[in-house]
Amino acid sequence: MAGSFLKGHLLSAFDYKTKKFIVAKNKKVGVLYRLIQLSIIGYIIGWVFLSKKGYQETDEAIQSSTITKLKGASMTNTTESGLLVWGPEDYVIPPQGEAVLFVVTNFLETPNQELGHCAESRKVLNGHCRGDDDCEEGKMVAAGNGIMSGRCLRKDDNLTSTCEIYGWCPIERHFKPQGPLLTHAENFTIYIKNFIHFPKFNFSKSNVLETTNSSYLRTCRFEEELHPYCPIFRLGDIIRRAGYNFEDMSTFGGSIGIMIEWYCDLDKGASSCNPQYRFNRMDISVSKHTIAQGFNFRHTRYFKDATGGIHRSLFKVYGIRFNIMVHGKAGKFSIVPTLINVASGVALIGAGAFVCDMVLLYFIKKGDSYRERKFEGSKKRKSTFEDNSVEDRKRPTEQANLTS
């Protein structure tokens, strides 16, 4: 008996079982079922495959290298420096060309500083004093310009008295710039050479036109329609594309983000993989009213006089800081994501049957009748099996009677 029982279960593992289907003659539910099916099929075809290209394998780990170079010249004529001509080696920081660079458009100069004793600036709060006791000798002035000498340089108004310091004197001049000094900076040009590589597909490309014409880069300027592969941009055009006025921005400086985006459908070939440029101002809030607006920093130029004494000129420079950021995504047909998305679509279509079942069971008047046909009670099945077994037991008896 035990052997027969185990044998029966092992053989039943190879049986094929199919579902039982019930046809419900309800037009409203039938229309609902078809609408759900069509919606899911439309979603799979329209959104997953056509819009999001769900049949492709993607690579977002873009590898990028960016090289920059600026060209242009400008002239300034100030009381401190006199007549000066500025070239890229003067107004580009750092000069070697990187993905982040700063272009000087305005400056304030404090010339001919030398080490010595002078009064601390009145704008430095920790440098104020009422007597010598407030100026401890050898103490560094917090956020100041030097070390206290121990003397308080008194004024008629004690509120303006400041400690004497040892540092670079005279201290930095403070005044508000009235306008940009490098007036030709708007016509400077920036050359942005970008190389990208998608390692998963071993695909590489550059934003520079592949041509043997050596004069092309000397004469072209970027235009989305005419010259999309000319990576030379006029600074004034960049600021305008970001939505701002160059003269206003160059007075107090600012920060511009240059986004280079590569979205490549490699099923269409390399010719469809083109760079897209976007320009945003990054140093300004949504309200456009903030004390953090603008961009500046200080640097110095050192020199010696005829006697060997060391002097320096302090520059507070305003300008535009460019941040070049590269993003990208490449896609190519692959059978694995295609099968996964098709299987997901088939599973979603099955959800339509579940919704319609709920409607038939709980939201229509004849739901009880549908429920009786869909779900068979265990008692009913048991009685059926018992009836069959009784009939099987009767058959041998009937056959014996017939024989006798």
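For the structure given in this document, a descriptive report is provided here. (Residues numbered from 1 in each chain as written. Predicted model: local features only at pLDDT ≥ 70, side-chain atom pairs only at ≥ 80, totals over all residues. Heavy atoms only, no water.)

**Here we look at the packing of aromatic side chains**
All told, the structure shown has 13 aromatic pairs when counted by the stated rule. Judged by centre distance (6.5 Å) and plane angle (35°), the ring pair of Tyr55 and Phe333 falls under tilted. One end of the pair, Tyr55, is in the loop between α2 (27-51) and β1 (56-59); the other, Phe333, is in strand β15 (residues 310-333), and 278 residues separate them in sequence. By relative accessible area, Tyr55 is classed as partly exposed at 23%. (Phe/Tyr/Trp six-rings, centres within 6.5 Å; stacked < 30°, edge-to-face > 60°. Helix = DSSP H or I, 4+ residues; strand = E, 2+ residues; numbered from the N terminus. Buried < 20%, exposed > 50% of the residue type's maximum accessible area, 1.4 Å probe, protein only.)

**Thoughts on a nonpolar patch on the surface**
A cluster of nonpolar side chains, contributed by Phe333, Ile335, Val336, Leu339 and Ile340, occupies part of the molecular surface with about 500 Å² of accessible area. In terms of residue count, helix α7 (residues 335-362) provides more of the nonpolar patch than any other element does, 4 residues in total. (Patch = residues over 30% accessible without salt bridge, like charges linked within 9 Å, V, L, I, M, F, W, Y side chains within 5 Å. Areas by Shrake-Rupley, 256 points an atom, 1.4 Å probe, with all protein chains shown as cover. Salt bridge = Lys/Arg side-chain N within 4 Å of Asp/Glu carboxyl O.)

**With respect to the nonpolar core**
In this structure, Tyr91, Leu235, Ile238, Ile256 and Phe322 are the most contacted members of the largest nonpolar core, which totals 43 residues. Of all the secondary-structure elements, those providing two or more residues to this core are β6 (100-119), β9 (189-198), α5 (235-241), α6 (246-252), β12 (254-265), β13 (275-281) and β15. Counting residues per element, this core draws most heavily on β15, at 7 residues. Excluding its chain neighbours within four sequence positions, the residues that come into contact with Leu235 are Leu70, Val103, Ala185, Glu186, Phe188, Ile190, Phe246 and Phe322. Membership of the second largest hydrophobic core comes to 11 residues, among which are Cys118, Val124, Cys152 and Cys163. (Core = buried A, V, L, I, M, F, W, Y, C linked by side-chain atoms within 4.5 Å. Contact = heavy atoms within 4.5 Å.)

**With respect to the state of the cysteines**
By the definition in use, this model includes 5 disulfides. Paired through a disulfide, Cys129 and Cys152 show a sulfur-sulfur distance of 2.0 Å. On the sign convention where negative means left-handed, the S-S torsion of about 85° between Cys129 and Cys152 marks this disulfide as right-handed. One end of the pair, Cys129, is in the loop between β6 and β7 (146-153); the other, Cys152, is in strand β7, and 23 residues separate them in sequence. Judged by relative accessible area, Cys152 falls into the buried class, the value being 8%. Each sulfur of the disulfide joining Cys220 and Cys230 lies 1.9 Å from the other. (Disulfide = S-S within 2.5 Å.)

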